[in-house]
Structure formats: structure tokens, C-alpha cells
Amino acid sequence: MKISLKETAAKLLSADSLVITSHVNPDGDALGSSLALYQMMIRLGKRAELLIDDDIPEAFSFLPDIAAIKKPEAESYDADLLVMLDVSRDRIGRVAEKCRAPILNIDHHITNDGEADFLYLDAGRAATAEIVYQLARELAVEPDEAVAMCIYTGISTDTGNFKFSNTTPFTMRAAADMLEAGAKAHIVSEALEQRSYQEVMDKAKAMQTIELAFDGRVAGIYIDNALYETIGSTEGFIDTVRIIAGVDAAVLVKEVEAGRCRISMRSKGMDVSRIAAAFQGGGHIRAAGCSIEKPLAEAKEMLLQEIGKAL
Ligand SMILES: [Mn+2]
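The sections below set out a description of the structure shown in this document. (Residues numbered from 1 in each chain as written. Predicted model: local features only at pLDDT ≥ 70, side-chain atom pairs only at ≥ 80, totals over all residues. Heavy atoms only, no water.)

1. Some points on the packing of helix α2 (residues 28-43) against helix α5 (residues 145-158)
- At a minimum axis distance of 7 Å, the contact between α2 and α5 shows a crossing angle of 155°. The orientation of α2 relative to α5 falls into the category roughly antiparallel. Helix-helix and strand crossings are classified by hand; for α2 and α5 the assignment is left-handed. Contacts from Gly 28, Asp 29, Gly 32, Leu 35, Ala 36, Gln 39, Met 40 and Arg 43 in α2 reach Ala 146, Val 147, Cys 150, Ile 151, Thr 153, Gly 154, Thr 157 and Asp 158 in α5.
- For the contact of α2 with α5, a count of residues per class yields 7 nonpolar, 6 polar and 3 charged. (Axes fitted to C-alpha atoms, helices over the stretch in contact; angles between N-to-C directions. Helix = DSSP H or I, 4+ residues; strand = E, 2+ residues; numbered from the N terminus. Parallel < 35°, antiparallel > 145°, perpendicular 65-115°, else oblique. Left-handed = near helix turned anticlockwise from the far one by under 90°. Contact = heavy atoms within 4.5 Å. Nonpolar A, V, L, I, M, F, W, Y, C, P; charged D, E, K, R; others polar.)

2. So, the pattern of salt bridges
- Taken as a whole and assessed by the stated rule, the structure comprises 12 salt bridges.
- Two residues, Asp 53 and Arg 94, come together in a salt bridge whose shortest N-O distance is 2.8 Å. Remark: Arg 94 occurs in the loop between β4 (81-85) and α3 (95-98) and Asp 53 occurs in the loop between β2 (47-51) and β3 (69-70); sequence separation between them is 41 residues.
- Owing to a relative accessible area of 15%, Asp 53 belongs among the buried residues under this scheme.
- Here Glu 306 ties to Lys 309 by a salt bridge, and the two come within 3.2 Å at their closest N and O atoms. Of this pair, Glu 306 and Lys 309 both sit in helix α12 (residues 296-310), 3 residues apart, which is roughly one turn of the helix.
- Salt bridges linked by common partners bring Asp 53, Glu 73 and Arg 94 together as one network. (Salt bridge = Lys/Arg side-chain N within 4 Å of Asp/Glu carboxyl O. Buried < 20%, exposed > 50% of the residue type's maximum accessible area, 1.4 Å probe, protein only.)

3. Considering the packing of aromatic side chains
- Counted under the stated rule, the structure contains 2 aromatic pairs.
- Aromatic pair Tyr 133 and Phe 170: ring centres 5.8 Å apart, planes at 80°, arrangement edge-to-face. In this pair, Tyr 133 is assigned in helix α4 (residues 128-138) and Phe 170 in helix α6 (residues 169-180), connecting sequence segments 37 residues apart.
- Note on Tyr 152 and Phe 162: the rings are 5.6 Å apart at their centroids and 50° apart in plane angle, and the pair reads as tilted. Of the two residues, Tyr 152 sits in helix α5 while Phe 162 sits in the loop between α5 and α6, which places them 10 residues apart along the sequence.
- With relative accessibility at 17%, the residue Phe 162 sits in the buried group.
- A cation over an aromatic ring shows up here: Lys 11 above the ring of Phe 118, its NZ or CZ 4.1 Å from the ring centre.
- Geometry around Tyr 222 places Lys 300 over its ring, the cationic atom sitting 4.7 Å from the centre. (Phe/Tyr/Trp six-rings, centres within 6.5 Å; stacked < 30°, edge-to-face > 60°. Lys NZ or Arg CZ within 6 Å of the ring centre and 35° of its normal.)

4. Considering the coordination of the manganese ion
- For the manganese ion, the protein coordination sphere consists of Asp 29 (OD), Asp 86 (OD), His 108 (NE2) and Asp 158 (OD), at 2.1 to 2.3 Å.
- On the primary sequence, the residues serving as donors to the manganese ion are separated as D-x56-D-x21-H-x49-D. Note that Asp 86 is positioned in the loop between β4 and α3 and His 108 in the loop between β5 (103-107) and β6 (118-121), a separation of 22 residues in sequence. We note that Asp 86, like His 108, is buried. (Donors = N, O, S within 2.8 Å, 3.2 Å for Na, K, Ca; no water.)

5. Here's the deal with the side chain of Lys 300
- Here Lys 300 shows up in helix α12.
- A polar contact is formed between the side chain of Lys 300 and the side chain of Glu 211, at a distance of 2.7 Å.
- If we skip the residues at most four places from it in the chain, Lys 300 touches Glu 211 and Tyr 222. (Polar contact = N/O pair within 3.5 Å; in protein donor to acceptor, adjacent residues only side chain to side chain.)

6. Section: the packing of α4 against α5
- For the pair α4 and α5, the least separation of the axes is 7 Å and the interaxial angle reads 145°. On α5, the residues that touch Ala 129, Glu 130, Val 132 and Tyr 133 of α4 are Ile 151, Gly 154 and Ile 155.

7. Things to note about the sheet that holds strand β9 (residues 249-257)
- Strand order in the open sheet formed by 6 strands is β7-β8-β9-β10-β12-β11, and the pairing between neighbours is mixed. In this open sheet, the two strands that pair with only one neighbour each are β7 (211-213) and β11 (282-283).
- Where β11 meets strand β12 (residues 287-292), 2 bridges bridge the pair, whose relative direction is antiparallel. When the sheet's bridge partners are listed, Gly 283 is paired in β12 with Ala 288.
- In this fold α12 packs onto β7, β8 (218-223), β9, β10 (260-267) and β12, with an angle of close to 165° to the strand it touches most, β8. (Pairing = 2+ DSSP bridges.)

Structure follows, in C-alpha cells:
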């Protein structure tokens, strides 16, 4: 059942005990929005537990009260309300079976599956943290520095640090209010942009493989299996080639096993989901992926041929 923001606040106020959760593979919005709500509920005198069924990335250790987040290791959890933030029920891991309380779902994903007793969904908000910001007002809780830091982190993460097209005047006003309440922008960005020496060196090696095709309209990173074995993560690599002037489609081809390549694609205009579909992959118009069961050189050739047809 869809409910309003006011009704959402009323649900929170009428519960004495809450389990708060968010998605596995947690990001800044998952952690920021759930930590902020958790702290507000504690301040309102509620019993609250914050459960996330995954490891918390080290980069978020600057978030106030991050140690309050527990994995759902107990047999079961009793509460008046299970609050799921920034997620649908299928991505909360073991929390789903261990807490059988009525579900209040607060989310901004248009793809939310609606599997909740009560759903507050606002797809116009850039981050679930923006909704938590609105809830603070509804609940008459003045964000302190800790809450402000968490809300600011959620908004900053989901807007690519206020760069993506989802960044609205509301986003900036909410962020400004959080700065006023004590959030520190530089602490958030320094923590989230930080990379290890190894990660930077891995990226430097991968960048040596950049090749342009089709008069510079396609840029690719091609990582053979030998190089792949020495690299930890390729997170963010593709964005570095996507920004090259004149490039429409960026591709990252990784030979993850000898004779098997995994491919990611990003575009500024062309529909890369159709390219991915040609190899039984999928995705969105501007971000898609697929696999090709071939060694690097052949996979690259097949992929570029398919892209050439679409250009
Ligand atoms: Mn989010």
C-alpha cells in the first residue's frame, strides 16, 4: 500500500521498536540514509536495530555511528516495524526471513517492486537520504552534526557529488541545510574518492591499453587474462575513457578466464543495450554489459563489428 510522507512519519512514530535495513553491497545512500534514520529513532526514544547483511566497505568508516550496523546473526528479530531504505525486499539478504515485522519501505528507485506493507516511494528524489531529510522535518527532529553527515553522504553519493542529472535545486537546498547543521563536505569527498596505491597503479596499467576506433567515436580498454590476473578491481575504469572528447561509446573488455571475456559499455547517445543483446547480454540504453566466449582479440573484433553496424 502506497502511503504519504506524513503517514510514513506517523508509522515511524507509532512504533516502539524498529529494525532498520538497507541493501547488500551497501553504498553511501544505503548507509547514510539508514544511519540517519537510526540515529533519529534513537533520539526519539525508540528501540532500534540497524542490520545490513553484508560487509561495510572500509571507506565509510568516517560515518558517525557506523559501528551500530550489525549483520543479522541472531536467530530472529522482533520489532513493531521493519524499515527498508533505498531497496526492495529482494535485496536485504537474510534480514527478510529473520524479521517478520510489518514492512515500511522508503525508496527513490522507480524500479521498486512494491513488496511491502507500506511503501513511500518518491522517484523524483535523487537519494533516499533526501527523503530522510524530509522525514526529519515531519518528525520534528533537528539534524545534529552526525545525522547531517549521514544525510549529506547519501545525497552526495547518489548524485555523483552533485554532478548527475538527478541533482535538483531541492538537492542543493537539502545539502546546504546539512552543511549548516555541521556536515563536512571535504571529509565526505576525501573519504569516498580515496584509492589505494595498488588501485591507482592497476588503473595506470589498464589505461595503457586504451584504443580508439571509428574515428574516435568508440574508446576501449582491453584487458587480457594475464593483466586481469594482476588487477584487483576495474571499478570506475570505464568512466575514464567515456570522458574522452568525441567518444560516444566506451567499452571495457576483460578476459576474466582464458577464452572468456566480460564486457561493459557506456554511451553518451547510442543504444548500447542493443549491442549487449546481440551477445545475449542486457542493460539500459546508456549502460549495458554482456559476455563473449572468445579470447580477447576475437571478442574485441566481434564487439567492434557489432558497434560498427549501430553507428
Ligand atoms: Mn539511493
